[in-house]
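# Structural features, examined
What follows is each chain in one-letter form.
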Amino acid sequence: MSDQASSDQATSDTDRTSNRETGRLHRRDFLKRTAAAGVGLGVAGHLSTAFGAGAPAERAVVGVMGVNSRGAYLAEVFGRAEGAEVGYVCDVDERAVGRVIEGLTAPDGGEAIQERRPEGVTDVRRMLEREDLDAIAIAAPDHWHAPAAMMALDAGKHVYVEKPCSHNPREGEMLLEAQAKHPDLVVQMGNQQRSSARSIRAVEQIRDGIIGEPYYGRAWYANARGPTTFEPGAEVPEWLDYELWQGPAPRQEYLGNLVHYNWHWRWHWGTAEICNNGTHEIDVCRWALGVGRPEKVTSSGGRYHFDDGWEAFDTQTASFEFPGDKMIAWEGRSCNANPLKGTGGDPGGGRGASIHGTEGTVIIDRGGYVVYDNDDNLIEYANEAESGRQVSGTGTVGGGSLTENHVGNFLAAIRGEEAPRAPIEEGRQSVLLCHLGNIAQRTGGALEVDPETGRIVNDEEAMALWSRDYEPGWAPSV
């Protein structure tokens, strides 16, 4: 567990012992702890402590799906985490499976991360059949996130799903419906900044009025991605099961340079930069402002920096207006990494959020936060780096203590000791904003949104992008 988790989640030894003996956290105690834990915690209902058949006592057996980049790091984090072990490594790239298994059991010939040697699996459906599997961590491409999560819930497994948790808004709705059918299972999204002690404190300060009435959030992300050329008609590499890689998506010809990362920029599989990275910063803004679904969404931008194989955009500004006179703006620059002002914990300020109120501004990034009044006087400063903790920047792996904290919270939620900090109800609301930003950009209009449902109104063209077609036999259902 993280050093900050003990302060975020105060639980007595007596309560812990009682929970282990009963195998379930009573709802009244769960709600009491959630209220005591403060900002950023959600309620997932009754949480079971039962683990799979043959699992060591108090240890969750985890299967990791998609281990070429982010998933490889997640496998390491779960392998090192107290109360967990990686039992299965699943990927359609046989090379990645082998690398991760060797890294967990004998990294560079050194000391093993865990004793158990995981089993390599190609097909996630076969992995979900394993009786000793307790939880699945999903780091596969975006078009797999919601379908795999729903499969896992139907198989009785807890779910840690990376952002954006869905390829389209309808999948997000279905994922919530699936969670409602399985209230004893934890579904946590990988927006790991929800587990940052500094970010939690910053949001608490905002709620306590340090900048007066907050009304505007600004989120940004900047990178220096190069041009991307795809190769139609290229042969599928022998190490790749392209049929399973496509999974729920309707079949298309293989493109060279699509796997393992550049699918992000093709709508058939990816969800553009706003879902790829903007999810994190937009989530921080929504969390800090205390807003839910918007009532109006606009977007502008395009593929400006290069003329290549991207279908998505490298430059985007999107705005989200909410009931109660509050607003979030997103600025994404995929190919120009000129930094904005950060807190100093994220070198270069490549990503972050600022919350503006009637009496001041809070800037929050993965390194900490800083507070200014309206005369630009420094009011408060807290830097994660001062404690010697590693933080995540703009890299594709996104390692660091925030992920370790977030995984620790997920495992504690499975055991019934803590409330999940990023339950799917919260994660999906932030992802919905990102999907609406994409839809507004792709249709070229301002979207009117029902703030009760999050659905677009009076726009058939925009609602045509609410869902997608699926390969026959692969359509998810609830």
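Located above this text is the structure these notes cover.
The rules behind these values
Here the residue index of a chain counts from 1 through its sequence in written order. Note on the predicted model: pLDDT of at least 70 is required for a residue's local features to be given, and 80 or more for side-chain atom pairs to be given and counted; whole-chain, interface and lining totals, by contrast, use all residues. The side-chain values count all of the structure's non-hydrogen atoms but skip hydrogen atoms and water molecules. Each helix corresponds to a stretch of at least 4 residues labelled H or I by DSSP, and each strand to a stretch of at least 2 residues labelled E; elements are numbered beginning at the N terminus. Exposure categories follow from relative accessible area, calculated using a 1.4 Å probe and restricted to protein chains: below 20% of the type maximum is buried, above 50% is exposed, and the middle band is partly exposed. Any pair of residues with heavy atoms lying within 4.5 Å of one another is described as a contacting pair. Residue-level accessible areas treat just the shown protein chains as cover; the underlying method is Shrake-Rupley with a 1.4 Å probe. Two rings belonging to Phe, Tyr or Trp (six-membered ring only in the last case) form a pair when the distance between their centres is within 6.5 Å. Interplanar angles under 30 degrees mark stacking, angles over 60 mark edge-to-face geometry, and anything in between is tilted. Note on geometry: a ring has a charge over it if NZ (lysine) or CZ (arginine) is within 6 Å of the ring centre and within 35 degrees of the ring normal. Strand pairing requires that DSSP identify at least two bridges connecting the strands. Axes here mean lines fitted to C-alpha atoms, for a helix over just the part in contact, with angles spanning 0 to 180 degrees between N-to-C directions. Any pair of N or O atoms that falls within 3.5 Å is considered a polar contact. Within protein, one atom must be able to donate a hydrogen and the other to accept it, and sequence-neighbouring residues count only if both atoms are side-chain atoms.

### Focus on the overall build of the chain
- Within the chain, the regular secondary structure consists of 14 helices and 18 strands.
- Buried positions account for 60% of the 478 residues belonging to the chain.
- A sequence separation of at least 24 residues applies to 70% of the contacts in the chain between residues at least 6 apart.
- Entry remark: accessible area of the chain is about 18,100 Å², with carbon and sulfur atoms responsible for 45%.

### Focus on the packing of aromatic side chains
- Per the counting criterion, the structure on display carries ten aromatic pairs.
- Centre to centre, the rings of Y160 and F410 are 5.5 Å apart; their planes meet at 75°, and the pair counts as edge-to-face. Residue Y160 is located in strand β5 (residues 158-161), and its partner F410 is located in helix α12 (residues 401-414); the two are separated by 250 residues in the primary sequence. Take Y160 and F410: they sit in the same class, and that class is buried.
- Taken together, a centroid distance of 5.9 Å and an interplanar angle of 20° make the contact between Y242 and W245 stacked. Of this pair, Y242 and W245 are both found in helix α10 (residues 242-246), three residues apart, which corresponds to roughly one turn of the helix.
- We classify Y242 as buried; its relative accessible area is 8%.
- Cluster of aromatic residues (ring-pair linked, three or more members): Y242, W245, Y254 and W269.
- Against the face of W310 rests R303, its NZ or CZ located 3.8 Å from the ring centre.
- The ring of W267 has R442 sitting right over it, with the charged end atom 4.2 Å from the ring centre.

### Here we look at the sheet that holds β5
- The strand order across the open sheet formed by six strands is β3-β2-β1-β4-β5-β6, and the pairing between neighbours is parallel. Taken across any chain shown, the strands that pair with only one partner, and hence form the sheet edges, are β3 (119-121) and β6 (187-189). Neighbouring strand axes in the sheet, compared pairwise and without regard to direction, differ in orientation by 25° on average.
- Pairing geometry for strand β4 (residues 135-138) and β5, over four bridges, is parallel.

### Notes on the sheet that holds strand β11 (residues 315-322)
- Strand order in the open sheet formed by ten strands is β16-β15-β14-β13-β7-β12-β11-β10-β17-β18, with mixed pairing between adjacent strands. Each of the sheet's edge strands pairs with one partner strand only, and the pair in question is β16 (378-383) and β18 (456-457).
- Sheet strands in contact with helix α9 (residues 197-207) are β7 (214-222), β13 (351-357), β14 (360-365), β15 (368-373) and β16, and its direction is about 165° off that of β14.
- Along the sheet face, helix α11 (residues 272-289) touches β7, β11, β12 (326-333), β13 and β14 and points at about 155° away from the line of β7.

### Some details on helix α4 (residues 70-80)
- Along α4, eight of the eleven residues are buried, which leaves the element largely enclosed by surrounding structure.
- Looking only at α4, the buried set comprises R70, G71, Y73, L74, A75, V77, F78 and G79.
- Looking at the packing, one finds that the buried side of α4 touches β1 (60-65), β2 (84-90), α5 (94-105), β4, β5 and α12.

### Thoughts on the environment of P227
- Mapped onto the secondary structure, P227 falls in the loop between β7 and β8 (231-232).
- For the pair P227 and G309, spaced 82 residues apart in sequence, the C-alpha separation works out to 8.1 Å.
- In this view, P227 contacts R303, F306 and D308; residues no more than four positions away in its chain are not counted.

### Considering the side chain of H406
- By the element assignment, H406 lies in helix α12.
- Judged by its relative accessible area of 0%, H406 is buried.
- A distance of 2.8 Å separates the side chain of H406 from the backbone oxygen of M189, its partner in a polar contact.

### Quick notes on the pairing of β14
- For β14, the buried fraction is high: six of the six residues fall into the buried class.
- Alternating positions in β14 separate into two faces, G360, V362 and I364 on one and T361, I363 and D365 on the other, with burial throughout.
- Across four bridges, the pairing between β13 and β14 is antiparallel. Looking at β14, one finds that H356 is bridged to T361.
- Between β13 and β14, which follow one another and run antiparallel, lie two residues.
- Of the strand pairs in this sheet, β14 and β15 are connected by six bridges, and their pairing is antiparallel. Bridge pairing links I364 to Y369 in β15.
- A loop of two residues connects β14 with β15, the two strands running antiparallel in sequence.

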